[in-house]
Every structure is written in structure tokens, then in C-alpha cells.
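# Working through the structure, step by step
Here are the chains, one letter per residue:
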Amino acid sequence: MKKILVIGSANMDMVVKSPKIPRVGETVLGGVFAQHEGGKGANQAMAAKTLYEGTLFCAGMGDDSIGRDYLAYLQNKGMDTSLVKIFKGSHTGVALITVGKEGQNIITVAPGANLKLSPADMQSIDFSQFSHVAFQLETNIDTVEEGLKLAKKAGCTTILTPAPAKLLSDEILKNVDWLVPNEIEILQVQRGFTSMKTAAESLLSKGVGNVIVTLGERGCALFNNDGEQRFSTFSVRPIDTVGAGDCFTGAFMAGLKMFDKIDQAITFANAAASLKVTKVGAQSYATQKEVLKLMKTK
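## Some thoughts on the pairing of strand β2 (residues 11-17)
β2 sits mainly inside the fold: five of its seven residues count as buried. Bridge analysis of β2 against strand β3 (residues 33-38) gives six bridges, and the strand direction is antiparallel. Looking at the pairing, Met12 lines up with Glu37 of β3. Pairing of β2 with strand β7 (residues 93-99), which is carried by seven bridges, proceeds in the parallel orientation. By the bridge assignment, Met12 is partnered in β7 with Val94.

Laid out in C-alpha cells, this is it:
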């Protein structure tokens, strides 16, 4: 059976818990500091790997101590890292994160070696080995465009999380089967839209197969040629929302492999993301058994 591939970023998350999110120019005395493995690509890959064994990860990492530790961590978790590229003289990506008492967060990223991953690196991948390939925008946009084109040409189902959000070319959009933005990002990947519905309809007209807009505690909305469908989330007490969207996407990829119906894959992803926010750390994920148990409560 063909495997899942996630191509994207690997960042070390430096997290400070704070009584509130600081305003511009404000200094807030925070609480406990923690360091966690993160990056949208690695988050999605680990979420998929936790729920579906046949998952590979491709990223750019530096030859620094952070990169060496991160690579060892992934390998100890059983992740296939044969497509990870090590770039000498570059630092591994770092994210500075402040988490408020209600679980909300602000994030600043220094991408480092993530941006060294190139279109040529995409050309060296045999995409015919994979059924589903996911990308985000914490790597070079030209690399994302090339990877999407090659994956689509090889017959893969392609998934793109447009974060950090930026304008996307028609060349990129036509090669995306599943675009998974949040409700802010969907208004930033094109110009001139003020509602997610009209933005989604425009994206579909440009060749995107399906759009799933993640809505936090309100679940998500699916837009495709059949119209709009809403999916509610599960009632939990959030502790840390960092990585919840990435968990959704990784779990959705696993769900596409596990279930015949799209509705089931989305509900599975909602359950995984709901359980993720009850745990601290971007890659603190529930097991498949736990996700399926919560899924059955719908």
C-alpha cells in the first residue's frame, strides 16, 4: 500500500506560558518555559504517523545541536526520515511561542534551514511511492509549487495548509486537491474577499478540489462542488492550542487512508484535534484508539 508523505518545516518550539498575550510594546512576566518539537510540517507528519504507520517526513534541517536532537527525536518515534535534508552552516528552524491562560497563542518563527529545501530536492523524490502528499508554507514557495506539481503528476492526492498565509498563484492552486486554511488564512490567499464562502467558491473555480476551513472550537466547514457542509467539534477543556490545526490536517490524511467516506475522515480529524488541545506541546497527540473512542460519541 502506498504511503503518506509530509513535506515541510521542522522547528524547535520555545514556549512560555503567560497570564495573558502581550500587546505591542508590553512586557509580561510569564510562567513556565518549555521546549517542544514543532514546525507545521513535522507537526502534521507526527500527527499522521501517530494514527497511520506508513508516514514519511521530508524537511530541511541545520547541522546544529537542535537539528541533531530533533532528527534523533523523530527517529526514536519511528518516523522514516530518509528524505530529511541536512544543510551545513544553517540553523534549524526555531519558533518563539507565548501561550495565554485560555490556550490562545502568538508565534514568531526563524525558519533557518527550512528555507533551504529547494525545487531540486522535490525533483529527487519518487512521488509514485505515495498516495497522499501534504505541504505548508513555512518552506520556500517555489519548492511548494514544484512539489505540488510533481506529486499531482504522479497521481498523488495533494493537501496544502496555506500558513503562514500568502497570496497563492493559479499555478499552485490548480494542483491542490485539499486546501486546509483557517478562517483568517482563506481571506489572505487571494485578494478581494470578505467571506470564507465567496473565497472558497473562487478557489474551487481556480481548480482547487476541496476547501476545508478550520474554525477552532466551532469545528470546520467543507466547500466543494457539492456545496457547503459543516462539521462540529467535540467538547473539551483546552489547555494548549498550539499545533491543533496541524493535528487536524495530519489526522485528516490518516483518515483518508482509514475510511471510505470523507465525512468520516473529517470527523476523525476533528476528534484528534479536540484531544490535542487537552495536551501541552505541538506534537502531543492522542492514540488512534483514543481518537476512535471520542469519534464514536458523535
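## Some details on the side chain of Ser90
Its location among the elements puts Ser90 in the loop between β6 (85-87) and β7. The class of Ser90 is buried, set by a relative accessible area of 8%.

## As for the sheet that holds β2
Reading across from one edge, β3-β2-β7-β8 is the order of the four strands in this open sheet, with mixed pairing throughout. Looking at strand neighbours, the two that pair on one side only are β3 and β8 (105-110), the edges of this open sheet. Here the average twist between neighbouring strands, direction ignored, is 20°. Across the sheet, helix α2 (residues 65-76) is in contact with β2, β3 and β7; its angle to β2 comes to roughly 95°.

## Section: the pairing of strand β4 (residues 55-58)
Of the two faces of β4, the one carrying Thr55 and Phe57 and the one carrying Leu56 and Cys58 are both buried. Sheet topology note: the strand β1 (residues 3-7)/β4 ladder contains four bridges and is parallel. What sits directly across from Ile7, in β4, is Cys58.

## Re the sheet that holds β1
Strand order across the open sheet formed by eight strands is β4-β1-β9-β10-β11-β12-β13-β14, with mixed pairing between neighbours. The open sheet has two free edges, formed respectively by β4 and β14 (227-231), since each of these has just one partner strand. In this structure, strand β13 (residues 220-224) lies alongside β14, joined through five bridges in antiparallel fashion. Note on β14: the bridge partner recorded for Ala221 is Arg230. Running over the sheet, helix α1 (residues 40-51) touches β1, β4 and β9 (130-135) and is turned about 170° from β4. Running over the sheet, helix α7 (residues 244-258) touches β1, β9, β10 (157-160), β11 (178-179), β12 (210-214) and β13 and is turned about 165° from β9.

## Brief notes about unusual backbone geometry
Residue Pro164 follows Ala163 across a cis peptide bond; omega there is -5°. Along the chain, Pro164 turns up in the loop between β10 and α5 (170-173).

## Quick word on the nonpolar core
The biggest cluster of nonpolar side chains holds 51 residues, and the ones touching the most others in it are Phe57, Ile212, Phe248 and Phe252. Sorting the residues of this core by element identifies β1, β2, α1, α2, β13, α7, α8 (262-276) and α9 (288-295) as the ones contributing at least two each. Counting 36 residues, the second-largest nonpolar core is a separate cluster that includes Leu137, Leu179, Val208 and Val213.

## Comments concerning the packing of aromatic side chains
By the definition in use, this model includes four aromatic pairs. Their ring planes at 70° and their centres at 5.9 Å tell us that Tyr70 and Tyr73 sit as a pair that is edge-to-face. Placement of both Tyr70 and Tyr73 in helix α2 is noted, with a separation of three residues, approximately one turn of the helix. Residue Tyr73 is classed as buried on the basis of its relative accessible area, which comes to 16%. Centroid distance Trp178 to Phe252: 4.9 Å. Interplanar angle 70°. Geometry classified as edge-to-face. Of the two residues, Trp178 is situated in strand β11 and Phe252 in helix α7; the sequence distance between them amounts to 74 residues. Across this residue pair, the class does not change: Trp178 and Phe252 are buried. Site record: aromatic cluster; members linked through ring pairs are Trp178, Phe248 and Phe252.

The rules we used
Residues numbered from 1 in each chain as written. Predicted model: local features only at pLDDT ≥ 70, side-chain atom pairs only at ≥ 80, totals over all residues. Heavy atoms only, no water. Buried < 20%, exposed > 50% of the residue type's maximum accessible area, 1.4 Å probe, protein only. Helix = DSSP H or I, 4+ residues; strand = E, 2+ residues; numbered from the N terminus. Pairing = 2+ DSSP bridges. Axes fitted to C-alpha atoms, helices over the stretch in contact; angles between N-to-C directions. Contact = heavy atoms within 4.5 Å. Core = buried A, V, L, I, M, F, W, Y, C linked by side-chain atoms within 4.5 Å. Phe/Tyr/Trp six-rings, centres within 6.5 Å; stacked < 30°, edge-to-face > 60°.

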